[in-house]
Each structure stands twice: as structure tokens, then as C-alpha cells.
Amino acid sequence: MEKLLITGPTTLKGEVEISGAKNAAVAILPATLLIDGVCTISNLPNISDVKLSCEILEALGAKITWEDKNTITVDSTNINTTIAPLELTNKFRASYYIIGAMLGRKGAVQVSMPGGCQLGARPIDQHIKGFEALGATVTVEKGLINAKAEKLEGNSIYMDIVSVGATINAMLAAVLAEGTTVIDNAAKEPHIVDVANFLNTMGADIRGAGTDVIKVRGVEKLKGGTSYSVVPDQIEAGTFMLAAVASQGDLLIKNCITKHLESITAKIIEVGGHVEDNGDSIHVWADKRPKHATIKTLPYPGFPTDLQPQMGVVLSLAEGTSIINESIWDSRFQYTEELIKMGAKINAQGTRAFFEGVDHLEGAHVYSTDLRASAALIVAGIVAEGETSVYNLEHIDRGYENIEEKFRKIGANIKRVNE
Ligand code: UD1
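Along each chain, residues carry numbers from 1 onward, in the same order as the chain's sequence is written. Residue-level local features of this predicted model are given only where pLDDT is at least 70; pairs of side-chain atoms are given and counted only at 80 or more, and the full residue set underlies all totals for whole chains, interfaces and linings. To obtain the side-chain values, all non-hydrogen atoms of the structure were used and water was disregarded.

## Considerations on the overall build of the chain
Next, step 1: Numbering of helices and strands starts at the N terminus; helices are DSSP runs of H or I of at least 4 residues and strands are runs of E of at least 2. Along its length, the chain carries 14 helices and 23 strands.
Next, step 2: In terms of overall dimensions, the chain has C-alpha extents of about 60 × 45 × 40 Å along its principal axes.
Next, step 3: Accessibility here uses a 1.4 Å probe with only protein chains present; expressed as a share of the type maximum, an area under 20% marks a residue as buried, one over 50% as exposed, and anything in between as partly exposed. Looking at the 419 residues of the chain, the share that counts as buried comes to 58%.
Next, step 4: Residue contacts follow a heavy-atom distance rule, with two residues in contact if any of their heavy atoms lie within 4.5 Å. The long-range share in the chain, meaning contacts at least 24 apart out of those at least 6 apart in sequence, stands at 72%.
Next, step 5: Here, Shrake-Rupley sampling with a 1.4 Å probe gives the accessible areas, and only protein chains in the shown set may cover a residue. As presented, the chain carries roughly 15600 Å² of accessible surface, and 48% of it is formed by carbon and sulfur atoms.
Next, step 6: We score Asp and Glu as negative and Lys and Arg as positive, and we do not count His or the chain ends. By convention, the point assigned to a charge is CZ for Arg, NZ for Lys, CD for Glu and CG for Asp. Within the chain, one finds 39 positive and 51 negative side-chain charges whose respective centroids are separated by 2 Å.

## Examining the environment of isoleucine 403
Next, step 1: Topologically, isoleucine 403 is positioned in helix 14 (residues 403–409).
Next, step 2: Overall, isoleucine 403 belongs to the buried group, its relative accessible area being 2%.
Next, step 3: Measuring from C-alpha to C-alpha, the distance between isoleucine 403 and threonine 180 comes to 42 Å, with 223 residues separating the pair along the chain.
Next, step 4: With near-sequence residues (within four places) excluded, isoleucine 403 lies in contact with Ile378 and Ile396.

## What to know about the sheet that holds strand 20 (residues 352–356)
Next, step 1: Paired strands, in this sense, are two strands between which DSSP finds at least two bridges. In space, the four strands of this open sheet follow the order 17-18-20-19, with mixed pairing throughout. Because the sheet does not close on itself, it has two edges, and the strands there are strand 17 (294–296) and strand 19 (345–349). Averaged over all pairs of adjacent strands, the angle between their axes in this sheet comes to 10°, without regard to strand direction.
Next, step 2: Direction of pairing for strand 17 relative to strand 18 (residues 321–325): parallel, over a ladder of three bridges. Along strand 18, the bridge assignment pairs isoleucine 295 with isoleucine 324.
Next, step 3: Helix axes are fitted to C-alpha atoms over the stretch in contact, other axes to C-alpha atoms as well, and angles between N-to-C directions run from 0 to 180 degrees. Here helix 11 (residues 334–341) sits on the sheet in contact with strand 18, strand 19 and strand 20, set at roughly 160° to strand 19.

## Details of the domain arrangement of the chain
Next, step 1: Each domain's extent is set by a domain assignment, obtained either automatically or from a database. For the chain, the domain assignment lists domain 1 (2–19 + 232–418) and domain 2 (22–224).
Next, step 2: With centres defined by C-alpha atoms, the gap from domain 1 to domain 2 works out at 30 Å.
Next, step 3: Across the boundary between the two partners, domain 1 contributes 23 residues, which contact 21 residues of domain 2.
Next, step 4: Buried area is a sum: the accessible area each of two parts loses on coming together, probed at 1.4 Å, counted once for each and added. Note on domain 1 versus domain 2: buried area summed over both sides is about 1800 Å², and carbon and sulfur give 52% of it.

## Description of the packing of aromatic side chains
Next, step 1: Paired rings are identified among Phe, Tyr and Trp, the last through its six-membered ring, by centres lying within 6.5 Å, and are further divided according to the angle between planes into stacked (under 30 degrees), edge-to-face (over 60) and tilted (the rest). Applying the stated criterion across every chain yields a total of five aromatic pairs.
Next, step 2: Considering the side-chain rings of tyrosine 96 and tyrosine 97, the 4.7 Å spacing of their centres and the 80° angle between planes classify their relative orientation as edge-to-face.
Next, step 3: For tyrosine 96, a relative accessible area of 10% gives the class buried.
Next, step 4: Between the aromatic rings of phenylalanine 240 and phenylalanine 407, the centroid separation amounts to 4.7 Å while the plane-to-plane angle is 40°, which identifies the pairing as tilted. Here phenylalanine 407 lies in helix 14 and phenylalanine 240 lies in helix 8 (residues 234–246), a separation of 167 residues in the sequence. Of the two residues, phenylalanine 240 and phenylalanine 407, neither departs from the other in class, the shared state being buried.

## With respect to the pairing of strand 8 (residues 144–148)
Next, step 1: Residues of strand 8 alternate between two faces, with Ile145 and Ala147 buried on one and Leu144, Asn146 and Lys148 left unburied on the opposite face.
Next, step 2: Bridge count for strand 6 (residues 108–112) against strand 8 is five bridges, and the pairing is antiparallel. Considered in strand 8, the bridge of serine 112 is made with leucine 144.
Next, step 3: Pairing of strand 7 (residues 137–141) with strand 8, which is carried by five bridges, proceeds in the antiparallel orientation.

## Regarding the site of the ligand
Next, step 1: Gln126, Ser163, Val164, Asp306 and Ile328 are the nearest of the 22 residues found near the ligand.
Next, step 2: Within 3.5 Å is the distance limit for a polar contact, defined as a pair of N or O atoms, with the added protein rule that one can donate a hydrogen and the other accept it, and that residues adjacent in sequence qualify only through two side-chain atoms. Within the side chain of asparagine 23, an N or O atom sits 3.4 Å from an oxygen atom of the ligand.
Next, step 3: Protein contact buries 89% of the 740 Å² of open area that the ligand shows by itself.
Next, step 4: For the shell around the ligand, the leading source of residues is helix 5 (residues 125–133), giving three residues.
Next, step 5: Looking at the shell around the ligand, its residues break down into ten nonpolar, seven polar and five charged. When we say a residue is near a molecule or strand, we mean one of its heavy atoms is within 4 Å of it. Residues are grouped as follows: Ala, Val, Leu, Ile, Met, Phe, Trp, Tyr, Cys and Pro are nonpolar; Asp, Glu, Lys and Arg are charged; every other residue, Gly included, is polar.

## A look at the pattern of salt bridges
Next, step 1: The salt bridge definition used is simple: a Lys or Arg side-chain nitrogen within 4 Å of an Asp or Glu carboxyl oxygen. In the structure shown here, the tally under the stated rule is 21 salt bridges.
Next, step 2: When the shortest N-O distance is used, the salt bridge between aspartate 160 and lysine 129 registers 3.1 Å. Of this pair, aspartate 160 sits in the loop between strand 9 (156–158) and helix 6 (164–174) while lysine 129 sits in helix 5; the two residues are 31 residues apart in sequence, bridging distant segments of the chain.
Next, step 3: On the basis of relative accessible area, lysine 129 is assigned to the partly exposed category, the value being 29%.

## Some points on the sheet that holds strand 8
Adjacent strands of a sheet form backbone hydrogen bonds with each other and so pair up, either parallel or antiparallel.
Next, step 1: What the three strands build is an open sheet, ordered 6-8-7; its pairing is antiparallel. Strands at the two margins of the open sheet, each flanked by one partner only, are strand 6 and strand 7. The sheet shows a mean angle of 10° between the axes of neighbouring strands, direction not considered.
Next, step 2: Lying over the sheet, helix 4 (residues 97–106) contacts strand 6 and strand 8, oriented at roughly 160° with respect to strand 6.

Below is the structure:
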């Protein structure tokens, strides 16, 4: 069994480069199905979710050429089936984007119910609501989703819940629909803007992405022959920012969009850390134990749920008692059980957790339960005294490019070993 063996504590110091955003990449790749031609996508994070997305595209008939480890050319001229391989689509959550893209491209698709991190109930009713508003018929039976539409027509879609996935899926299905679609109560995450920018570069007419009303004027065709670079990863940047604070270190985090990091910056300052915004890089340092804080996760521009576990490590080490309210997912505190093994004092009750700060953590054998929990456990291992073994690496490999190398470069004593 593979594990990460970390010996701490380490004060992280130095520079780290942020990769392209996982959550943008896993939506942009399916979006290439809407193009009747070739496009090149660069700054893709080299992670297993991206490789899986590429395998799904290939199974549908797209031709993919890897130009280098972060750049691909996709030729979607010959999409020759509407059935996505179930053994691939059930492996991760973002496979639901195949539905919107294939409805747009072929007017039909069959996929499995999406897999992905177990963070509580993950319904797709808002996705289906969007497709149906545009004229599709969707059935969900025995773990399979079948969607079809003779013709997609623009319509108004009011999202009952702010959903990243449902917003992007509605955009994907609307791009080639006849007429105008208005998505109301849309999510505003940076990757929504990035997917809209990608589609617009290919000839789509999407306005308002990044606000809560998105207007999509259907176009007849998306043209290929264009290149696009994926936006830097907000969550990876935030992970390193919080790692700087937890280790009382000093990091220059390069290749990020600091505007996307404002909610994290605000909380870091509140707990006594320092942040210097340089536009395309952010300098974060801390010279003393963090102060306690109260956090509530919210859709963008609020504090992201995907940084909640990493913030949990900071608050485990803070002076006094802190509270995290998780408002997006109903089961996102499994990682606290692992931090408790390392000496943290956490009382998690439903969607709220109380952190009574301790002055240090101790190395232990810990098991990742999901992607962001893995990142939190790695940070905890780096700041803990002694040896930590982090297991279940398939989670971290889904979403962070070269994580141990990046942490090693800033001083961590971390290696991947096969037990
Ligand atoms: C995306 C991210 C995930 C992040 C989440 C919230 C990707 C691939 N994943 O997930 O990392 O944690 O945004 O920022 O981008 N909901 C419904 N019905 C629906 C859809 C969602 O009730 O049809 C609920 C969910 O249960 C959840 C909330 O809406 O409580 C937000 O979910 P959503 O924004 O859709 O998350 P994902 O797009 O799945």
C-alpha cells in the first residue's frame, strides 16, 4: 500500500507554483465535445481526474494528443457514440458535465450517476431542472442517467440552490440551443467564469458569468482552431496559504489570481497571519500561534468549503476555541477523526465543529476520506511532531499535481513509500 511518510515539524519557507484549476479543467474538457473541430488546452493540472476526463472523451470518439504533461489537443470532429463508459463516469463527480455537453452536441447521452468524494448527499436535481427547462427528457434509473432532446431551446432557469455543477451544466447545454437562456441564482465560482471564457473563445455568446445572472445566446456552431489556458487553482493556492499559517512559515505562492483568494486572506489576517497581495502572487507568513476564529463555508465569494479541512488544521492549533459551520455539505467533518488521532481536540456535531486549540499535533497513522481531507492531513503531518503516515493516496492524486514535490521544495520532509 502506498502512503506519504512525513516527518515534522517543519516551518515551510520558499516559493511554490500553483497549477491549473482542477474544477475548471474537469468542466472545460467535456466542453470540448461541443466543438466541431480541434482545440488546444494548456495549464491543465497533471492529476488523475484530468486523465479520467480525457479517457471519457476518447471513449466518445474524441482524439487527444498530449503536447506536454499540461497541454493537450482535442479533436472532437468525430463523436461517434452517446454512451459514456460507466466504469469511468462513476469514478468522479465531474462526469456529470458529459450530460450537458453531449446534450448540446448530440441531443442524447447515457452516463452513470456520478461518483466522487463522499461529502454527504450529492443530488443532481438542479442539473436535471436545467436540462428539462431547455427541452430535454431526463430519466434516472438503476444508477443510469439517460438524457435526450430532439431540439434544445433557450429558456429561463431559476436555480433553487446555488450549485456550481448545475450552473456549468446549464451553460453547456444552452450554448448550442436555439434562442436565449437566462440562468438565475447562478453560482459565481472562478471556474464558472473560466468555462464561460473558454466557450466564448470558441465562439459561444455567454454574458454575466461571475454574477448571479448568466445569459447564454445560443449559436449555431462552436469553431475549433483555438487555444485556451486554464485558470490557476484557487483551492490549491488556498491550501498553501493555510499551510504557511499552520506551520508559522513564510511562502510566496506564485501563479495565482489573488482576487479569488480574498475570503481566505481575510480569515488569515483574522487569525493573526500576514498577507501581501502582489497581483499574480501572494506572500503569506505567520510568526506566532494562530488566534481562534469562526468560519462559515459559503458559495463564492464566501469562504470555500473545499478549504474547510485545511482551515480545520489551522484552528486545531489556534489559541482558544474556534467554530466551523459547514453550510454546503452535510458530511464534511470525517477528517476531524483523523486529526483527533494526532492530538487535536475537536467536537464535530453534524455540520458544525468546535476546535479547542492545542499547542502542537503529534504524528500518527491517518486515512484520507476525500480529496481536501487528504490535503489537510498532509499539512497536519508537516506541522506535527514526529512521523505521520497518510494513507488512501488515490484521493490526493485526483486533485493536486505533484503535491509531495511541491511541499518538499518548501522544506517539508515528505516522501511516497510503498509499504
Ligand atoms: C463543486 C466542486 C466541489 C465543491 C462544490 C462546492 C467540482 C467538480 N466540484 O461540486 O469541489 O465542494 O462545488 O463549492 O467543481 N445541490 C443540490 N442539487 C443539485 C446540485 C447541488 O441540492 O442538483 C446541493 C449540494 O448537495 C450541495 C450544494 O448544492 O449542498 C452545492 O453543490 P454544488 O455547488 O453543485 O457542488 P458540485 O458542483 O457537485
